[in-house]
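# Structural characterization, general
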Amino acid sequence: MNRVAHVMAPSWEMTFLGLVWVLCAGVATFAATFPQGGRPWWGLFMLLVPLVSVGMMLDGWARQVLLDASAIVAAAMVWTRGTPEAVRAGRRYLGLILVAILCLTGGTLLVHSGASGPPGLWSRLAVSLLIVGFGVKLALAPFHGWLPGVAAAAAPMTTVLI
């Protein structure tokens, strides 16, 4: 690839960020037509978009902190529905997201502290923590138990964002 084409080629982060903005524009358009949870929902939505946007532009721990904060904001968006089911689903989702954040942080710290090398207890623990953390965040089986409750209880556009 020549130098000009390399400079002009979009990075995966910018491509993903563009897709996020398109998704958020669609969500905002739908939410303006069909109420999602009133002012609290819109406030959380307006907080979520810059957290994800800035988080995608950064690297390392700053990216992880902002994207984890956006997951916590998304959990709060579930509550804005106001029903007992939404509160229960939001509480469960928040608890599991916090567990996922702890697992991912612990696994990342173990990897960066030199847990790599010959297979041993620390490297196995690091891999296990990363699998659980990503499994919960991405709702992969068998870590997807929170997803049906959130999908049923949250506002439709909150479910799309999660």
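Relevant structure appears above.
Right, let's walk through the structure included here. (Residues numbered from 1 in each chain as written. Predicted model: local features only at pLDDT ≥ 70, side-chain atom pairs only at ≥ 80, totals over all residues. Heavy atoms only, no water.)

## A closer look at the packing of helix α3 (residues 38-57) against helix α4 (residues 60-79)
What counts is decided by this rule: Here the axes come from fitting lines to C-alpha atoms, over the contacting stretch only for helices, and the angles between their N-to-C directions go from 0 to 180 degrees. Secondary structure follows DSSP: runs of H or I at least 4 residues long count as helices, runs of E at least 2 residues long count as strands, and numbering of each begins at the N terminus. The labels follow the angle: roughly parallel below 35 degrees, roughly antiparallel above 145, roughly perpendicular from 65 to 115, and oblique for the rest. By definition, turning the near helix anticlockwise from the far helix through less than a right angle yields a left-handed crossing, and turning it clockwise yields a right-handed one. Contact between two residues is taken to exist if any of their heavy atoms lie within 4.5 Å; hydrogens are not considered.
Two elements in contact, α3 and α4, have axes whose closest approach is 8 Å; the angle formed by their N-to-C orientations is 160°. Comparing the axis directions of α3 and α4 gives the class roughly antiparallel. In terms of crossing hand, the pair formed by α3 and α4 is left-handed. For the pair formed by α3 and α4, the contact residues are Trp41, Leu44, Phe45, Leu47, Leu48, Leu51, Val52, Val54, Gly55 and Met56 on the first element and Arg63, Leu66, Leu67, Ala69, Ser70, Val73, Ala74, Ala76 and Met77 on the second.

## Section: the environment of Met77
Condition: Only protein chains enter the accessibility calculation, which uses a 1.4 Å probe. A residue is then buried if its area is under 20% of the maximum for its type, exposed if over 50%, and partly exposed in between.
Along the polypeptide, Met77 turns up in helix α4. The exposure class assigned to Met77 is buried, which follows from its relative accessible area of 1%. Residues Met77 and Thr159 lie 82 residues apart in sequence; the distance between their C-alpha atoms is 9.3 Å. Discounting residues that sit within four places of it in the chain, Met77 has contacts with Trp41, Leu44, Phe45, Leu48, Thr158 and Leu161.

## A closer look at the nonpolar core
Across soluble globular proteins, nonpolar side chains have a tendency to be buried as a group. In plain terms, the rule: What we call a nonpolar core is a set of buried Ala, Val, Leu, Ile, Met, Phe, Trp, Tyr and Cys residues that are connected through their side-chain atoms within 4.5 Å.
Ranked by internal contacts, the top residues of the largest apolar core, which has 17 residues, are Cys24, Val27, Trp41, Phe45, Leu48, Met77 and Leu161. When contributions to this core are tallied by element, the ones reaching two or more residues are α2 (12-33), α3, α4 and α8 (156-161). When residues of this core are assigned to their parent elements, the largest contribution, 8 residues, is made by α3. Sequence-distant contacts of Trp41, defined by excluding residues within four places in its chain, comprise Val27, Ala31, Gln36, Met77, Thr80, Met157, Thr158 and Leu161. Residues Ala71, Ala74, Ile101 and Val136 belong to the second largest nonpolar core, which totals 16 residues.

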